[in-house]
Amino acid sequence: MSVTRERLVEVLEEIALLLEIQGENPFKIRAYRQGAEVVSGYDGDIVALARDNKLEGIKGLGDALRDKLHELATTGELEFHKKLRVGYPDSFFDLFDLDGLGPKKIAVLNRELKVDSIPSLKAACEAGTVAGLPGFGAKTQTKILESLARREQSAEAFRLDIAIQAAEDILEVLRLHPEVLRASVAGSTRRSKEIVHDLDFIVATPKPAELTAFFAKQGFAKEVIAQGDTKCSIRLESGMQCDLRAVSNDQYPFALFYFTGSKEHNVAIRSRALKKGWSLNEYAFSGENVPTNIHDEADIYRALGLDFVPPELRENRGEIEAADDGKLPRLLEWENLRGTFHNHTTESDGKASLNAMAEGARELGLQYLGIADHSKSSPQANGLSPERLATQIQTIVAWNKEHGSDQFRLFSGSEVDILKSGDLDFEDDLLASLDYAVASVHNALTLDEEEMTKRIIKAMENPYITMLGHLTGRLLLRRDGYAVNHEKIIDCAAETRTVIELNCNPKRFDMDWRWWHRARDKGVLCSINPDAHSVNQLQYLRFGASVARKGWLRREDVVTTKPLKEMEEWLKLPKPKR
DNA sequence: GCCGTTTTCGGCCCGACTGTTTTCAGTCG
């Protein structure tokens, strides 16, 4: 059995956690954690290198880690890790996912109360014994319970990127089946909701029962919840439920429409059908003189006198009226994107070098890539000092000279911290020497809404701030965004000509899609930015395009659709003229 | 445990916030 890169990373991370529990030297712990990062982000076959004892020279892997990785890659096990792990079940590591609990508290819980899993922690909190531990109190216990409740609530919720990956893998299997004519994912995944609860698949087939049976016996089906002749529900390893509906080719457009939703959109569409004397269900129109020749979803909308409504817009937020008036926007397409601005490199907390990021962007077909590493007030992210930033600007100038062309170049920027006061982390002189700057909040997240809004507005009023990064700082399924008045920020963006970022890292999707239509109507421009910390994460731009569509954005609303020459001119304009 | 044009020991990121304390430990970013 060969060891995977993921396994190497997992073992190093577990060692770091276990050493923390034991109160080891924090720098040693960091060395393991950084080792895990290096292995995870290494550009090349790190497993083979470890096996062949050829790790020498990789920064961050010293003698000790090289030996351990070699042992792990050759034998599949690591004695050091095995010894550390004695007495800690797999479930123990779940505890580290809880907000407000770190290694020290977990160590106390484990030592004093034998807590070694989420359920045993919950029992201890409910029994009230946690509050009595040294360093703990009633509030801590309450906070843990809240964190546990949040975790339970989101247990069956998944981020869009996770859902799409799972859906694509399953669709590939379904489409290869010889009796499948058409197959699609439906539901909230198809609508590009930021969080989805389950996956719905629709297949068109002359042999539905054969398909449901086929679905149930796939390796990815860890549990079969229900299996009939036309419907099958399974659960994946991840806990995600997947429903398959197998219908005839005639029924397919109706089923796809019906199970794509949203429920509210469907209700509105059905009532529209009723006005014409037809009823509409997941299989067909029924009633007198029902339309025939329905081959795809567009035919259903057409029969009801509507333009085709793209799935992303089906939330009953005005799309049906617009489709009726022929006023649906021509939505942005992923292919329209020409560049992106908020990306990190190894200079701060990214995993890929400047050069690797640039090559990745070029391969993706982009014409420009903006480098925006962290600023000095984010030391946890290795934020740049003014001197380091000045050096990076020179590096980028040199890179462009050597590798740039009229087809591709780098822009030098910064993700500059908005300090608690609303001041920026760099002086204006330095900001002015950049091609652009993204301003983001990374600390003092608990200000009240008024203070936070004032703070952000102050930053946006700076003439050198091109755009505002992740407006609310939310981390989906993990942390709510900070309190901020969206209306006021949008108005300020319109007035000061500050672009608002659509951070399309699927952990964020921030600003939320629900606000973009309003921002667009006020003339606010959007920049779709992946907040990429690795070359792969540049791919998040695809999600960004979907979420922008969900926010009713057109090509002209998204500044990163500008081709390189236009973008160079645009960035040179004084902010009020943009 | 890692690193080094300050080279083999002594640094390595640090401030804000919270809840527990009564001067500070733990967590987070």
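Nothing here was measured: the structure is a model prediction, and the numbers come from that model.

Caption draft 1: The arrangement of the overall build of chain A in detail. Check the secondary structure of chain A and you find 23 helices and 16 strands. Its C-alpha atoms give chain A a radius of gyration of 26 Å, within 12% of the compact-globule value 25 Å for 578 residues. In terms of overall dimensions, chain A has a C-alpha envelope of 80 × 60 × 55 Å along the principal axes. Buried residues in chain A amount to 53% of all 578 residues. Within chain A, contacts between residues separated by at least 24 positions form 67% of all contacts whose residues are at least 6 apart in sequence. Carbon and sulfur atoms make up 48% of the accessible area of chain A, which amounts to about 26600 Å² in all. The distance from the centre of the 77 positive side-chain charges to the centre of the 90 negative ones in chain A is 1 Å.

Caption draft 2: Quick peek at the packing of aromatic side chains. Using the criterion set out here, one finds 19 aromatic pairs in the structure. Their ring planes at 85° and their centres at 6.5 Å tell us that phenylalanine 509 and phenylalanine 543 sit as a pair that is edge-to-face. In this pair, phenylalanine 509 is assigned in the loop between β15 (499-503) and α21 (516-521) and phenylalanine 543 in helix α22 (residues 540-550), connecting sequence segments 34 residues apart. A single burial state applies to phenylalanine 509 and to phenylalanine 543, both of which are buried. Members of the aromatic cluster, joined through ring pairs, are Tyr88, Phe92, Phe93 and Phe96. Between the NZ or CZ atom of lysine 68 and the centre of the ring of phenylalanine 80, over which it lies, the distance is 4.5 Å. The aromatic ring of tryptophan 570 is capped on one face by arginine 578, whose charged end is 5.0 Å from the ring centroid.

Caption draft 3: Just the environment of lysine 488, in detail. The topology assignment puts lysine 488 in helix α20 (residues 486-496). Residue classification places lysine 488 among the partly exposed residues on the basis of a relative accessible area of 47%. Distance in space between the C-alpha atoms of lysine 488 and lysine 454 is 9.2 Å, their sequence separation being 34 residues.

Caption draft 4: Main features of the domain arrangement of chain A. Domain boundaries assigned for chain A yield domain 1 (5-154), domain 2 (158-304) and domain 3 (334-577). Each of domain 1 and domain 3 was reduced to a C-alpha centroid, and the two centroids are 33 Å apart.

Caption draft 5: Quick look at the nonpolar core. With 96 residues, the main nonpolar core has Leu174, Phe201 and Ile528 as its most contacted residues. Among the elements that take part in this core, helix α9 (residues 160-176) stands out by supplying 8 residues, more than any other. Once residues lying within four places of it in the same chain are set aside, the contact partners of leucine 174 are Val180, Ala183, Phe201, Val203, Leu211, Phe215 and Leu244. Listed in part, the 48 residues of the second largest apolar core include Val9, Leu12, Leu72 and Phe136.

Caption draft 6: Highlighting the packing of helix α1 (residues 5-21) against helix α2 (residues 26-41). Remark: α1 packs on α2, axes separated minimally by 8 Å, with the N-to-C direction vectors making an angle of 165°. When the interaxial angle is binned, α1 and α2 end up roughly antiparallel. The element α1 and its partner α2 pack so that their crossing is left-handed. For the pair α1 and α2, contact is made by Arg5, Leu8, Val9, Leu12, Glu13, Ile15, Ala16, Leu17, Leu19 and Glu20 and by Ile29, Tyr32, Arg33, Gly35, Ala36, Val39, Ser40 and Gly41, respectively. Here the residues of the contact of α1 with α2 sort into 11 nonpolar, 3 polar and 4 charged.

Caption draft 7: Inspection of the protein's contact with DNA strand B at higher detail. Around DNA strand B, a shell composed of 36 residues is seen, among which Arg30, Gly60, Gly62, Gly102 and Arg479 lie nearest. Protein-adjacent atoms of DNA strand B, using a 4 Å cutoff, are sugar or phosphate at a proportion of 70%. Here a phosphate oxygen of DNA strand B and a backbone polar atom of alanine 64 are 3.4 Å apart. Note that a phosphate oxygen of DNA strand B is positioned 3.5 Å from one of the side-chain N or O atoms of lysine 68. Those elements giving two or more residues to the surface near DNA strand B turn out to be α2, α4 (63-75), α6 (103-113) and α8 (138-153). Element by element, the count of residues in the surface near DNA strand B is highest for α2, at 5 residues. By residue class, the composition of the surface near DNA strand B is 13 nonpolar, 11 polar and 12 charged.

Rules used in this analysis
Residues numbered from 1 in each chain as written. Chains lettered and ligands numbered in written order. Predicted model: local features only at pLDDT ≥ 70, side-chain atom pairs only at ≥ 80, totals over all residues. Heavy atoms only, no water. Helix = DSSP H or I, 4+ residues; strand = E, 2+ residues; numbered from the N terminus. Rg over C-alpha atoms; globule rule 2.2 N^0.38 Å. Buried < 20%, exposed > 50% of the residue type's maximum accessible area, 1.4 Å probe, protein only. Contact = heavy atoms within 4.5 Å. Areas by Shrake-Rupley, 256 points an atom, 1.4 Å probe, with all protein chains shown as cover. Lys, Arg positive; Asp, Glu negative; His and termini not counted. Charge placed at Lys NZ, Arg CZ, Asp CG, Glu CD. Phe/Tyr/Trp six-rings, centres within 6.5 Å; stacked < 30°, edge-to-face > 60°. Lys NZ or Arg CZ within 6 Å of the ring centre and 35° of its normal. Domains from an automatic or database assignment. Core = buried A, V, L, I, M, F, W, Y, C linked by side-chain atoms within 4.5 Å. Axes fitted to C-alpha atoms, helices over the stretch in contact; angles between N-to-C directions. Parallel < 35°, antiparallel > 145°, perpendicular 65-115°, else oblique. Left-handed = near helix turned anticlockwise from the far one by under 90°. Nonpolar A, V, L, I, M, F, W, Y, C, P; charged D, E, K, R; others polar. Near = heavy atom within 4 Å. Polar contact = N/O pair within 3.5 Å; in protein donor to acceptor, adjacent residues only side chain to side chain.

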